[in-house]
Amino acid sequence: MKIVSSMLSKWINIPSDIEAITNQKIIETESFEKINTATNLVTGHVLTCLKHPNSDHLSVTTVDIGTEILDIVCGAPNVREGQDVIVAKVGAVLPGDFIIKEAKIRGAVSKGMICSLQELGFDEKNVPERYREGIYAFDQDIAPGLDALEVISQEGFVLELGLTPNRSDLLSVLGFAYDLAAMTNQKVTLPTFNIETTKEDNPLKVTIESDGCGRYLARTIKDVTIKESPWWLKSALLSAGIRPINNVVDISNYILLDYGTPLHMFDAKKVKTDRIVVRNATSGEQVRTLDEVDRILEANDVVITDGKRPIAIGGVMGLENTMIDDQTTDVILEAAYFDPKHIEKTAKRLNLRSDASLRFERGIDDTRVVLGMERATELLVELAGGKVTKGVSKAVRYELKRPMITITKDEIDQALGITLEPSVLLDYLKRYQYDVTLTDGTFELMPPSFRNDITIKADVIEEIARIHGLDNIPETPFVMTERGKLSSRQKMLRSIRHQAVAVGLFEAITYSLVPADEATRYQTLGEPVSVMMPLSEDKKTLRQSVLYGLLSAASYNQARQMPATHLFEIGHVFAKGIERQSMAALISGTWLSGGWTKMAINADFYLMKGILETIFSPLGIDLDFRASQKNETLHPYRQALILYQGETIGTIGELHPLTAKAFDLLNTMVFELDLEPILDKTSSIQYEPISRYPSIARDLAVIVKEGTEAKTLLDLIRQTAKKTLQSVQVFDVYQGPSIGEGMTSIAFNLVFNDPERTLGGEDVDKIMKKVTSRLAFELGASVRS
């Protein structure tokens, strides 16, 4: 929002340190600069204009600038005797640091320059077409010698506010004036209007049939003349970044900036009836907006109609069928309050954001629409010669209720850490225009209608801090009664992260919002939860799995020549009434490049399983695995369930070919597990001294029925060998005619050690005999010779 000084000065006296006050007490400013940086400009009257004797395109002029008559050589084709113009005197500096000097041009002395609007910094599109190829000449008589910037209302400054979404009141000069007045202890006086009307009654009848509109006012103004706006109006709009169109359209834009109440003007003769009906659109209803685009409406869109057809999309944009043009003579002036949620949905879906819709989305002062209409009517009479019909047609479907907030002096003092006298607090609140009463240290207050962001006690405390000055609130060190520490859950999460990074994975942080059809694709926790107003369709529903984000990240990387991707993420997953910590990891492509040895390690199921065990085993978390085919996003024969203490907590496997194709990934392994059962365990890495005694290794190959899981054998070996068994690993699996059809040979390497004594060969033989006997008894396994 740009605050133009000429508009602000009509409401309050502008303090000299306005930028500092705004930054310190109101809101951050993005810029503060002069409207026009040109210097030494005056108005002048062209006395004579003759062709240059030594040039076909130059003219030699004499210009009266009030204090003297200057000889000026001008190259503009439209310079004429009798024009009132803008003159840059010698020494003037124009935008772009262009300095005007006395010069001799083809033998003729020139002591200044007659200016075009472009030379004064105006964008060419904002220059009237008849002046684009030459100098600017005033349409009315202007006395010579006046400050030219004042004549064209280009003096003063523009203050641009860095608005936050909650401060909708600052989307108007009046709203900013209220806040600045509070900070400088001034008062804003609203104008009174005495509008003369004709004897003819306003013919309009207004009906509201939609909850998207709370208040609607309409007035008919006849015999308006469409023409160019005066300089004070054009300059105000240009300084605020709005292009002037004509006096009628410019008035509505000016009121939008000044009062923050968007208005709309209809060509009354294009409205086919004397009725204004505000209703919801019919689903599929097609309209053409002022930007000449056909748009399809939905049932929740608000439309303004003449009882038969739409003539505007309420709060967003008017329609082409009732637009103001050069032939317009009668105008219907609309002032209304539209529900922010309706307008936001419509504007976003239609991708049709306007200055009006922005203000309606943030929420306007519903009581100020009358004020805006009255001021616009006054200007239509003054600048367009309009004749106002008697009466304002209006309808009110509902009025906004302001909250009543009760807060005590002690609550304010405690929150701010200072003590303020009740009289000071009362003064602050009244300067903010609050309706307030004070009884025994308790304030009962109601914020003004233009401050819809004040709803709770904390808002009031923040307002008091602003007006008192944050610099005036002393910093008080926080005294800690005890040292802070991580909870057991936090310790476990940190340990898991450290282990994952140590093993070679990179941590990713992806969006919690995903497309609706992806939310439950990888796992289902419960009923999905979607946000009401998503930023986009691909960020609509809260994820129930972390995998989608990792797959998207891997796809993004591989599309940019990064084929090896090793990622993990720890984050929350959601369903209705459910929020849990989840961990997922992904490795795609090569895990380790072979370098000069050409012995690369590629991602596969067993590598991913080893990574998972390496992360959790040092933390005392023993995970088990069980073959599965249930997860449809994983390869049916290369996946397993992850179990902890007998309960399934996740899945691991190779990505299903169809899923991999959808993300354009190859050779991709993933796992995802629920961390909640694990986080309840105290994080602790166990340390043991290295044994001083030698270890003994034995190999054991057993023949079992095909389909017997190696895990079953491993569990029996560990249970039998017990504490002397240091490690056991599978190093070979064989099937062939030498062991018989339907049989499988699985070979293990067993390492034995006793930390208290040296094991002898006979000791290990006894243990191996127990192991083979148990395998034979429970699984029918035979030792392969």
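Colleague: I'd like a description of the packing of aromatic side chains, backed by residues and values.
Modeller: Summed over the entire model, instances satisfying the criterion amount to 12 aromatic pairs. Centroid distance F32 to F157: 4.9 Å. Interplanar angle 40 degrees. Geometry classified as tilted. Separated by 125 residues along the polypeptide, F32 in strand β2 (residues 29-34) and F157 in strand β12 (residues 157-161) bring together distant segments of the chain. Ring centres 6.0 Å apart and planes at 65 degrees place the aromatic pair Y548 and F663 in the edge-to-face group. Of the two residues, Y548 is situated in helix α14 (residues 547-558) and F663 in the loop between α16 (657-662) and β39 (668-674); the sequence distance between them amounts to 115 residues. Accessibility classification places Y548 together with F663 in one group, the buried group. Taken together, F122, Y131, Y136, F138 and W231 form an aromatic cluster joined through their ring pairs. K234 extends its terminal NZ or CZ atom over the ring of W231, reaching a point 4.4 Å from the ring centre. The ring of Y556 has R560 lying over it, and the distance from NZ or CZ to the ring centre is 3.6 Å.

Colleague: Can you lay out the packing of helix α5 (residues 231-239) against helix α6 (residues 247-259) for me, pointing to particular residues and giving the numbers?
Modeller: One can describe the packing of α5 onto α6 by two numbers: an axis separation of 10 Å at closest approach and a directional angle of 55 degrees. On the basis of their axis angle, the class for α5 and α6 is oblique. At the point where α5 passes α6, the crossing takes the left-handed sense. Here W232, L233, A236 and L237 of α5 come into contact with α6, specifically with D250, I251, N253, Y254 and L257. Grouping the constituent residues of the contact of α5 with α6 by class yields seven nonpolar, one polar and one charged.

Colleague: Got a sec to walk through the pairing of strand β20 (residues 302-305)? Specific residues and values, please.
Modeller: Neither face of β20 is left uncovered, since the one carrying V302 and I304 and the one carrying V303 and T305 both have all their residues buried. Sheet topology places strand β17 (residues 275-280) next to β20; four bridges connect them, and they run antiparallel. If you follow V278 over to β20, its bridge partner there is I304. Here β20 runs beside strand β21 (residues 310-313); their pairing, made up of three bridges, is antiparallel. Considered in β21, the bridge of V303 is made with I313. Hairpin connection of β20 to β21: four residues between the antiparallel strands, including G307 at a positive phi of 90 degrees.

Conventions adopted
The numbers attached to residues start from 1 for each chain and follow its sequence in the written order. Owing to the predicted nature of the model, reporting of local features is limited to residues with pLDDT of at least 70; listing and counting of side-chain atom pairs is limited to 80 or more, with chain, interface and lining totals taken over all residues. Side-chain descriptors were evaluated using all non-hydrogen atoms of the structure, hydrogens and water having been removed beforehand. Classification of ring pairs rests on two measures: the distance between centres of Phe, Tyr or Trp rings, Trp counted by its six-membered ring, which must be within 6.5 Å, and the angle between planes, read as stacked under 30 degrees, edge-to-face over 60 and tilted in between. The way it works is that DSSP assigns letters per residue, a run of H or I at least four long becomes a helix, a run of E at least two long becomes a strand, and they are numbered from the N terminus. Classification of residues uses two cut-offs on accessible area relative to the type maximum, computed with a 1.4 Å probe and protein chains only: under 20% is buried, over 50% is exposed, and between them is partly exposed. Put simply, a charge is over a ring when the Lys NZ or the Arg CZ is close to the ring centre, within 6 Å, and near the line of the ring normal, within 35 degrees. Orientation is described by lines fitted to C-alpha atoms, with helices fitted over the stretch in contact, and by angles between N-to-C directions that extend from 0 to 180 degrees. These descriptions rest on fixed angle ranges, namely under 35 degrees for roughly parallel, over 145 for roughly antiparallel, 65 to 115 for roughly perpendicular, and the rest for oblique. Helix crossings get a hand from a simple test, with the near helix turned counterclockwise from the far one by less than a right angle marking a left-handed crossing and a clockwise turn marking a right-handed one. Whether two residues are in contact is decided by their heavy atoms: any pair within 4.5 Å suffices. Under the grouping applied here, Gly and all other residues not named as nonpolar or charged are polar, the nonpolar ones being Ala, Val, Leu, Ile, Met, Phe, Trp, Tyr, Cys and Pro and the charged ones Asp, Glu, Lys and Arg. In this analysis, strands are considered paired if DSSP registers two or more bridges between them.

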